[in-house]
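Below, each chain spelled out in residue letters.
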Amino acid sequence: MRIVNPGFGLTPAGAEQATEGKVDWLNDPIVLFGNSKPNARELLEGVKAKLAGIRRTDNIEFIAKNSASQGAPLEMINDAAKKYRIALLALGD
Amino acid sequence: MVGVVIATETFKPLVLAQAKARKVDPHLIVVKHPVGGLNAEELVERIDAAFAGFQEEMKA
Amino acid sequence: MSDSADSEILDIADLDQEAWQDYAIEQGWSDGLPLVMPTEASVARMVAAAHGDNEGFAPISPRQVVPTMASLAANAVMAGAKPAYFPTILAGLRGILDPSYNLHGSMATTHSCAPMVMINGPLRQALGVNCSSNCFGQGWRANASIGRAIQLILLNVGGGKPGVMDRSTQGSPAKYAFCFGENEEECPWLPFHVRRGFAPEDSVVTVMSGEAPHNINDHGSTSAEGLMTTFAHTIAQPGANTVYGKGPYMVVVGPEHAATFHRDGWGVDKLRDELWLRARIPLKHISEENLATYAATGHHPTGDFLTICRGPDDIHIAMAGGPGKHSAFIPSFGGTAVVSTRVKLPSAGG
C-alpha cells in the first residue's frame, strides 16, 4: 500500500555548509555570547576568568541578546562576526 | 569565525539537531544540567567543566 | 531544493487498522492518539480543497525544511480533518510561519506554549467551529482536528519531537489541539478580525504562541469596574513568561461578562487601557533573585510594579464561550506576536 509521507520536506535552496577559518586561540578576540538566561553571564564570565591563566583576556568581551525567547538580532550577529574571531555561546537553561 | 557552544546535557540533542538542520558541525561543550537556578558555589562545577571543554577545543 | 527526508510517497506493507496505528506510532508521527491513514487518495482530496493556493511556505522550524502541499495534507488527514478544513489549517500555518510568531523560539523553549488558533468570519459557521459553550474543550470535530493538524505538521514536518526538539518542561494539554472560534454572533463589539483591518466577510485565522486558557471566574461582580478588578488581578501573575519576555496576551471574554462591560459603556479600547494600567504585579510578589535577574536583562519595574506586556497594543480582546460567568486569560510565550491570516478559499475547478 502507498501512503503520503507526513514528514516529507524539502531542503531550502542555499542551505550550504558553513565554513570556518583558522583561529589563533591564544590571541584572537573572543565574544562571550549570552542568551539572557539566568547564570549564562556568570558562566561565561567564569570561563573568561579561568582563561586569564592561559591566554590574553583584554580582547574577550561579553554581549547578550536582549531576550531569552528570541533569536539575536542579525545586526548583533553581523557586528560580532566582524569584530571577533571566536564566539563562546551559552545555550539552554 | 569559530563558534563554540556551551549547552547542558539536557539540551545537547536539541543543539545537535539544530546544527544538523543548519548544516553546521558544532564545537559543543556539554555541562551538567541545569545552569539556571544554581547558586555561585554550585555554578563553579559548571564553569570548570566549560573551561575544560574550551581547552580541549583549543587543542583540537 | 533537494529532498531531505526519504520520499513523498512511501510504499509500505499492507496494514490493518491496528497494525497501521502501531506502525505510525513507531515512525514518531503520532501525538499519542490514533491517526487516520494518509492514503494517496485521501491526501489528494485534501490537496484539492486548497486548489488555487499557490503561495509557497517558509521552512518550518526547528527542522528547517519546506513542506509540500501533500505532506501538509497528509498531516491534516491523519488529524481527522475534513478536506473543507484544509484552507483554514493552511492559513493558521502561514501565521505560525510569520517571523514575528517566532516558531523556532516557541518550539525550543521550556515554556508550555502551544499554537492558539482562533477563527473568525463566515467559515466558522460553514465548518461547524464551536465558538460557544465549551469552545476550548472537546466535542467538535472542526476545533479538534484543525488544532491537531497544525500540531502534527509541527511535529512531523517541523520535527518538533517532544523531549528532543520540543523542550517544554511540562508541556500542556493545549499541545494536542487549541482551536476555537470567536462568538461573533453574541459579541457586543466588532469582531476581532474586523478590528484588525479585515472585512467582515473575510474568514481569518489568528494564532499566538500561548498557554492553555486560565479561567477568570467572577459570579459576583455586577459592574464593569468590579469585573475589571477580578480580571486584572487574575492576569497579574508573577509566574507569567511575559514578566521578563515581554509580549502579547489574549483575554477571551465570556458573553455574560462582555454584556456587563458593554452595558457599562466599556469597549475594547477601554478594556485594554484599564488592563494595561491595572494588571501589574506588585514588586512584593516577586522574589529578590528574580528582580535581580530581570534587571540584569533590562526589565525594570514601573514604579512599584512590573508590567506583563509592553502596552495596550499587546493586549488582545476577543469574545467566546456560552452562558456562564467565566472568561479566560491566555498568556503568551513572550517573544511572539498575534498573527492574523485570511483564509484562501479554493478557486473554482478544484
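Please read all numbers here as calculations on a predicted model, not as lab measurements.

A. Geometry of the overall build of chain C. Helix and strand counts for chain C stand at 12 helices and 13 strands. What you see for chain C is a C-alpha radius of gyration of 21 Å, in line with the 20 Å of a compact globule of 350 residues. A principal-axis box enclosing the C-alpha atoms of chain C has dimensions of 65 × 45 × 35 Å. Taking all 350 residues of chain C together, the buried fraction comes to 57%. For chain C, restricting intrachain contacts to residue pairs at least 6 apart in sequence, the fraction spanning at least 24 positions comes to 83%. Side-chain charges in chain C split into 23 positive and 34 negative, and the spacing between the mean points of these groups amounts to 5 Å.

B. Focus on the pairing of strand β11 (residues 315–319) of chain C. Residue and element names in this part refer to chain C. Most of β11 is tucked away: 5 of the 5 residues are buried. Side chains of β11 alternate between two faces, with Ile315, Ile317 and Met319 and His316 and Ala318 buried alike. In the sheet, strand β8 (residues 249–253) pairs with β11 via 5 bridges, with the strands oriented parallel. Note that in β11 the partner of methionine 250 across the bridge is histidine 316.

C. Molecular detail of the nonpolar core. Residue and element names in this part refer to chain C. Counting 58 residues, the largest nonpolar core has Trp20, Trp29, Phe86 and Ile89 as the members making the most contacts within it. If one sorts the elements of this core by residue count, helix α3 (residues 69–79) sits on top with 9 residues. Residues within four places of phenylalanine 86 in sequence aside, it is in contact with Met46, Val47, Ala49, Ala50, Met69, Leu72, Ala73 and Ala76. Residues Leu227, Val251, Leu271 and Cys309 belong to the second largest nonpolar core, which totals 33 residues.

D. Representation of unusual backbone geometry within the structure. In this model, B:His33 is joined to B:Pro34 through a cis peptide bond whose omega is 0°. Considering the arrangement of structural elements, one finds B:Pro34 in the loop between β2 (27–31) and α2 (40–59). That bond from C:Ser61 to C:Pro62 is cis: its omega, 0°, falls within 30 degrees of zero. Within the secondary structure layout, C:Pro62 lies in the loop between α2 (40–48) and β3 (66–67).

E. Region of the structure containing the pattern of salt bridges. Residues and elements named next belong to chain C. Tallying each qualifying case throughout the model produces 23 salt bridges over all chains. Between arginine 272 and aspartate 313 there is a salt bridge, and its shortest N-O distance comes to 3.3 Å. In this pair, arginine 272 is assigned in helix α11 (residues 268–278) and aspartate 313 in the loop between β10 (305–307) and β11, connecting sequence segments 41 residues apart. Residue arginine 272 is classed as buried on the basis of its relative accessible area of 18%. We classify aspartate 313 as exposed; its relative accessible area is 64%. Each of the salt bridges in this network shares a partner with another, and the network as a whole consists of Asp53, Glu55, Arg94 and Lys344.

F. Quick peek at the pairing of strand β1 (residues 2–8) of chain B. Within β1(B), 6 of the 7 residues are buried, leaving the element largely enclosed by the surrounding structure. Across 5 bridges, strand β5 (residues 86–90) of chain A lies against β1(B) in parallel orientation. Counterpart to A:Ala90 in the pairing with β1(B) is B:Ile6. In the sheet, β1(B) pairs with β2(B) via 5 bridges, with the strands oriented parallel. Following the sheet pairing, B:Thr8 is matched in β2(B) by B:Val31.

G. Quick peek at the confidence of the model for chain C. Taken over all residues, the pLDDT of chain C has a mean of 95, while the share at 70 or more is 98%. For this predicted complex, the interface score ipTM comes out at 0.93, alongside a pTM of 0.92.

Parameters and conventions
Residues numbered from 1 in each chain as written. Chains lettered and ligands numbered in written order. Predicted model: local features only at pLDDT ≥ 70, side-chain atom pairs only at ≥ 80, totals over all residues. Heavy atoms only, no water. Helix = DSSP H or I, 4+ residues; strand = E, 2+ residues; numbered from the N terminus. Rg over C-alpha atoms; globule rule 2.2 N^0.38 Å. Buried < 20%, exposed > 50% of the residue type's maximum accessible area, 1.4 Å probe, protein only. Contact = heavy atoms within 4.5 Å. Lys, Arg positive; Asp, Glu negative; His and termini not counted. Charge placed at Lys NZ, Arg CZ, Asp CG, Glu CD. Pairing = 2+ DSSP bridges. Core = buried A, V, L, I, M, F, W, Y, C linked by side-chain atoms within 4.5 Å. Salt bridge = Lys/Arg side-chain N within 4 Å of Asp/Glu carboxyl O. pLDDT = per-residue confidence, 0-100.

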